[in-house]
Amino acid sequence: MRSEQEAQLRRRVSQLLEDGTLKVVLGYASGFKGTRPLFVQDTRHVDRLVWNEACEANLTGYLLREPLKEMLDAGNRIGLVVKGCDMRAVNVLIQEGQVDRSKIYLIGMVCEGVRDGSDFSLKCRNCRVQIPEGCDETIGTHTELERLEGNPLEDILKVKAMDLAERWAYWKQELSRCIKCYACRQACPMCYCQECITEKSRPQWIEKAPTLSGNIAYHFIRAIHLAGRCVSCGECSRACPMDIPVDMLTRFVAATIEEEFGYIAGEDVNAKPFLGTYRQDDPEDFIR
Amino acid sequence: MKTIEDILRLIEDWQGKGYTVVAPVRSEGLVSFEVLRAPSQIDFDHVLTVNTLKDVTLPRCETLFKYDVEKASIEPSWEASQPIVVFGSRPCDAAAVTILDSILMGEVTDSRYARRRENMIVVTLACSQADEACFCTSMGYGPHDPTGSDIIGLPSKGGYVFRVVSQKGKDFASKVGLELDEGRADPEPELKRRITTDGIKAWLDENFESPKWEKVSENCVSCGACYYLCPTCHCFDIADEAGASRGVRMRIWDCCSFAGFTKMAAHQPRVGKHRRYRQRIMHKFKYTVDNIGKTACVGDGRCIRYCPYGVDITEVLEALRE
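Residue positions are given per chain, counting from 1 as you read along its sequence in written order. Here the convention is simple: chains get letters from A, ligands get numbers from 1, in the order in which they are written. Per-residue local features are limited, in this predicted model, to residues with pLDDT of at least 70; the limit for side-chain atom pairs, both in listing and counting, is 80 or more; totals at the level of whole chains, interfaces and linings are taken over all residues. Side-chain measures were taken over the full set of non-hydrogen atoms in the model, leaving aside hydrogen atoms and water.

We now examine the overall build of chain B. In terms of helices and strands, chain B carries eleven helices and ten strands. Radius of gyration: over C-alpha atoms. The globule rule applied is 2.2 Å multiplied by the number of residues raised to the 0.38 power. Relative to the globule expectation of 20 Å for 322 residues, the C-alpha radius of gyration of chain B, 21 Å, shows essentially globular dimensions. On the principal axes, the C-alpha backbone points of chain B span a range of 60 × 60 × 40 Å. Here the term buried applies to any residue with accessible area under 20% of the maximum for its type, exposed to any over 50%, and partly exposed to those in between, with areas from a 1.4 Å probe on protein chains only. Evaluated residue by residue, chain B yields a buried proportion of 58% over its 322 residues. Contact definition: two residues touch when any of their heavy atoms are within 4.5 Å. Pairs at least 24 apart in sequence give 70% of the contacts found in chain B among residues at least 6 apart. Chain B carries 42 positive and 46 negative side-chain charges, and their two centres are separated by 2 Å. Note on conventions: DSSP H or I runs of at least 4 residues are helices, E runs of at least 2 residues are strands, and numbering of each starts at the N terminus. Only four residue types enter the charge count, namely Lys and Arg as positive and Asp and Glu as negative; His and the chain termini do not. A single reference atom marks each charge: NZ on Lys, CZ on Arg, CG on Asp, CD on Glu.

In structure tokens, the structure reads:
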């Protein structure tokens, strides 16, 4: 199915660029790590677009960064190749008023799973969005789809099963490797603050230095700031050059919110942001 | 020829003689330079460590001094001076040390860097393999190049033959009683990635402004992975980790990709990621060449290997010159 999808994707992108519907399409090309993002503006380059198991990255974050942000601000319409899971990120950005839905054209790819090296990505386990919803068009057939078994929270459960001392030792070891290159933040579609708390110097809220305490402060604040917003795409960990499973922190918060409140970020584009709503009959006093 | 077992015994001996040994250690999927606890930790099979010798010479953060405003006191902070043997660096990383030497111990001497360099012996293990990101030969080095090493071990029939490269290496060898080897080295591995740097400097001299900068930096998301893992990038920032009256002043790596890089109170001279990416290329392939006569790139390929979004410096250079 994938090669047919790839051919159709190229045909469609070519048409959409040619008839002026879109200014640019962001998709995947072959690259050193399997694939890498590709900006197609010229129909002569559509053959560089690929669709395969290595299309693991969530490209949604590019919508809020140069050069797409400037193009959107200038009123252009932009195409984005998305998987069902990436749609959750798009939805959160729409909910949060960051992206004007009418300015983006979503080309959804029916997905048989993507790989992180030789294994299927953790995010593909028990995937319920192999057929993307809410796109402008969908490429791929809905038959022959096989749901990948397993628990996407497998890694978190393993760490959760450790006793407190063990867990502390685990995170100490992982986070002490952090060099604060901020690849996780820059890769994250939800990390779009104009000025990240790590950059504030008056006052300087957290240690700038990549010491263990400075790293813990950064990653924990990031996890809290992503509460109800993290879509569990794993882009932060995919980007980390030091192999730190930083997404476990944000996915743990996401899993807790799902468990406690039944809220899944980005699942429904019409839902209100998790931390942006309240109920009159909330049982907790502090909210009223 | 020395076998791996011979080498492990040597390292144990050096540790016993009071040397701190820094060497590549594997931890799960990652191989990085670490202070060795035991010789058996050394990994001999990797292509290249994730971190560089900057972790020894120009660490990611260091305290410059402590201060107390109320007491009006400043206390400089120096780590204990100790002899360090870097064992098992690759030729590209050793070559990078010579570039940083020219910059940080050139016209102006960075005393912290200089002190660490003085105490550091570089014992390289030359490469018996290369991966698809390696391009040292394109930058004028090679898998067996001795530039920057004090002693180099060349792969030979499953072991290594050790040769002295510098006076420092010679002194170290005689001090620890390291016997040098006769015998021939294995042939150097072939590198698949090859570019020519001809014309790049000339293009950069003329094209500070060019629409190509936006094109080549399109994929960049302005993180610092390429910088932080680069063996020659050396920009840093000074920051205070301070309380109300007491604090420490630190030197921390900084990176030209970051939006706040060189941002001043009144002005940001590099608005837009393409201008910051241009800074990276200009710094490596023009400014450093103008200043010290060398390119600040050794072709180690880490920026290609670790860029989360496939920015490829060799491709960029070719696209610029094209």
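A tally of regular secondary structure across chain A gives nine helices and seven strands. The C-alpha atoms of chain A give a radius of gyration of 20 Å, which matches the 19 Å a tight globule of 288 residues would have. With respect to the principal axes defined by its C-alpha atoms, chain A has extents near 55 × 45 × 40 Å. When burial is assessed residue by residue, chain A has 50% of its 288 residues classed as buried. Contacts spanning at least 24 positions in sequence make up 70% of the contacts within chain A whose residues lie at least 6 apart. A 1.4 Å probe and the Shrake-Rupley method give the accessible areas. Residues count as covered only by the protein chains that appear here. Counting every atom, chain A has about 14,000 Å² of accessible surface; 49% of that belongs to carbon and sulfur.

We now examine the nonpolar core. Core analysis: the largest hydrophobic core is formed by 149 residues, its most contacted members being Leu68 and Ile107 of chain A together with Leu204, Ile281 and Phe285 of chain B. For leucine 68 of chain A, the contacting residues outside a window of four places in its chain are Val24, Leu26, Phe39, Tyr62, Leu63 and Ile78 of chain A. The next biggest cluster of nonpolar side chains, apart from the first, holds 23 residues, and it includes Leu10, Val21, Ile121 and Val123 of chain B. Each nonpolar core is a collection of buried residues, namely Ala, Val, Leu, Ile, Met, Phe, Trp, Tyr and Cys, held together in the definition by side-chain atoms within 4.5 Å.

Residues and elements named next belong to chain A. A surface patch of negative charge is lined by Glu258, Glu259, Glu260, Glu267 and Asp268. Relative to the helices and strands, glutamate 267 is located in the segment after α9 (247–261). Relative accessible area serves as the criterion here: at 52%, glutamate 267 is assigned to the exposed category. Put simply, a patch holds well-exposed residues, over 30% relative accessible area, that have no salt bridge, with like charges counted together within 9 Å and Val, Leu, Ile, Met, Phe, Trp or Tyr side chains within 5 Å. Salt bridge, as applied in this entry: a Lys or Arg side-chain nitrogen positioned within 4 Å of an Asp or Glu carboxyl oxygen.

A word on empty space enclosed by the protein. All names here are of chain B. Cavities and pockets were defined on a 1 Å grid built over protein atoms only: a cavity is a set of grid points that admits a 1.4 Å probe from which the probe cannot escape, a pocket is an open set flanked by protein on both sides within 12 Å along at least five of seven lines, and lining residues are those with an atom within 4 Å of any such point. Grid points are joined across faces, edges and corners, and a volume is the space filled by probe spheres set on the points. Taken as a whole and assessed by the stated rule, the structure comprises 13 cavities of 30 Å³ or more. Counted as a void, the largest cavity has a volume near 160 Å³. Around the largest cavity, the lining is made up of 16 residues, and of these Cys220, Cys226, Cys303, Cys307 and Val311 lie nearest the centre. Contributions of two or more residues to the lining of the largest cavity are made by α8 (225–228), α9 (273–292) and α10 (302–306).

A separate point is the domain arrangement of chain B. Residues and elements named next belong to chain B. Domain ranges listed in this record stem from an automatic or a database domain assignment. Per the domain assignment, the segments of chain B are domain 1 (4–61 + 79–176) and domain 2 (200–321). On a C-alpha basis, the centroid separation for the pair domain 1 and domain 2 is 25 Å. With 30 residues of domain 1 in contact, the opposing surface of domain 2 contributes 30 residues. Summed over both partners, the accessible surface that disappears when two parts come together, traced with a 1.4 Å probe, is what is meant by buried area. Taken together, the two surfaces of domain 1 and domain 2 that pack against each other cover about 2,500 Å², and 65% of this comes from carbon and sulfur. Taken together, the links from domain 1 to domain 2 amount to three salt bridges. In this structure, aspartate 110 and arginine 251 form a salt bridge, with 2.6 Å as the shortest nitrogen-oxygen distance. Polar contact is the term for a pair of N or O atoms within 3.5 Å; when the atoms are in protein, one must be able to donate a hydrogen and the other to accept it, and sequence-neighboring residues count only if both atoms are side-chain atoms. Applying the counting criterion to the domain 1 and domain 2 interface returns 16 residue pairs in polar contact (both at pLDDT 80 or more). Of all the secondary structure elements, the ones that give two or more residues to the side of domain 1 that touches domain 2 are α2 (54–57), α3 (91–104) and α4 (111–118). Among the elements that line the side of domain 1 that touches domain 2, the one with the most residues is α3, at nine residues. Within the side of domain 1 that touches domain 2, the residues separate by chemical class into 18 nonpolar, five polar and seven charged. Under the convention adopted here, Pro, Cys and the residues Ala, Val, Leu, Ile, Met, Phe, Trp and Tyr are nonpolar, Asp, Glu, Lys and Arg are charged, and Gly plus all remaining residues are polar.

Here we take up the sheet that holds strand β7 (residues 151–156) of chain B. Residues and elements named next belong to chain B. Overall, mixed pairing links the six strands, which are arranged β2-β1-β5-β6-β7-β8 in an open sheet. Of all strands in the sheet, those bounded by a partner on one side alone are β2 (30–35) and β8 (159–164). Between one strand axis and the next, the sheet turns through 25 degrees on average, direction left out of account. Axis definition: a line fitted to C-alpha atoms, limited for helices to the stretch in contact. Angles are taken between N-to-C directions and run from 0 to 180 degrees. Strands in contact with α3 are β2, β5 (84–89) and β6 (120–125); relative to β6, the strand with the most contacts, it is inclined by about 150 degrees. Two strands qualify as a pair provided that DSSP identifies no fewer than 2 bridges between them.

What follows concerns the packing of helix α5 (residues 164–176) of chain A against helix α7 (residues 212–225) of chain A. Residue and element names in this part refer to chain A. Orientation of α5 relative to α7, taken along the N-to-C sense of each, is 100 degrees, at an axis distance of 9 Å. Here α7 runs roughly perpendicular to α5, going by the angle between their axes. Here Trp168, Lys172, Leu175 and Ser176 of α5 lie close against α7, whose contacting residues are Leu212, Asn215, Ile216, His219 and Phe220. When grouped by side-chain class, the residues that make up the contact of α5 with α7 number five nonpolar, three polar and one charged. An angle below 35 degrees is treated as roughly parallel, one above 145 as roughly antiparallel, one from 65 to 115 as roughly perpendicular, and anything else as oblique.

Moving on, we get to unusual backbone geometry. Residues and elements named next belong to chain A. Proline 67 follows glutamate 66 through a cis peptide bond whose omega is 0 degrees. Of note, proline 67 is situated in the loop between β2 (34–40) and α2 (68–73). Backbone geometry places serine 232, a non-glycine residue, at a positive phi of 60 degrees. With respect to the helices and strands, serine 232 occurs in the loop between α7 and α8 (235–239).

Tracing the sequence through the fold places histidine 144 of chain B in the loop between β6 and β7. Residues within four places of histidine 144 of chain B in sequence aside, it is in contact with Pro91, Ala126, Cys127, Ile152, Leu154, Pro155, Asp186, Pro187, Glu188 and Pro189 of chain B.

A separate point is the interface of chain A and chain B. Contact with chain A, which involves 33 residues of that partner, is made by 39 residues of chain B. Approximately 2,900 Å² of surface area, both sides summed, lies buried where chain A meets chain B, with 57% of it carried by carbon and sulfur atoms. Interface area lost by chain A to chain B is led by Phe32, Arg36 and Glu66 of chain A, which between them contribute 21%. Between the two partners, chain A and chain B, sit one salt bridge. Note that arginine 36 of chain A is salt-bridged to glutamate 315 of chain B, the shortest N-O span being 2.8 Å. Seen at the junction of chain A and chain B, the total is 17 residue pairs in polar contact (both at pLDDT 80 or more).

Time to look at the environment of lysine 215 of chain B. Topologically, lysine 215 of chain B is positioned in helix α7 (residues 212–216). Separated by 3.1 Å, the side chains of lysine 215 of chain B and glutamate 218 of chain B make a polar contact.

Time to look at the packing of aromatic side chains. Residues and elements named next belong to chain A. Side-chain rings of Phe, Tyr and Trp (the six-membered ring for Trp) are treated as a pair once their centres are within 6.5 Å; stacked means planes under 30 degrees apart, edge-to-face means over 60, and tilted covers the remaining angles. Considering all chains together, one arrives at 18 aromatic pairs over all chains under this definition. Ring geometry for tyrosine 263 versus phenylalanine 274: centroids 5.1 Å apart, planes at 45 degrees, classification tilted. Of the two residues, tyrosine 263 is situated in the segment after α9 and phenylalanine 274 in the segment after α9; the sequence distance between them amounts to eleven residues. Residue class for tyrosine 263 comes out buried when judged on its relative accessible area of 16%.

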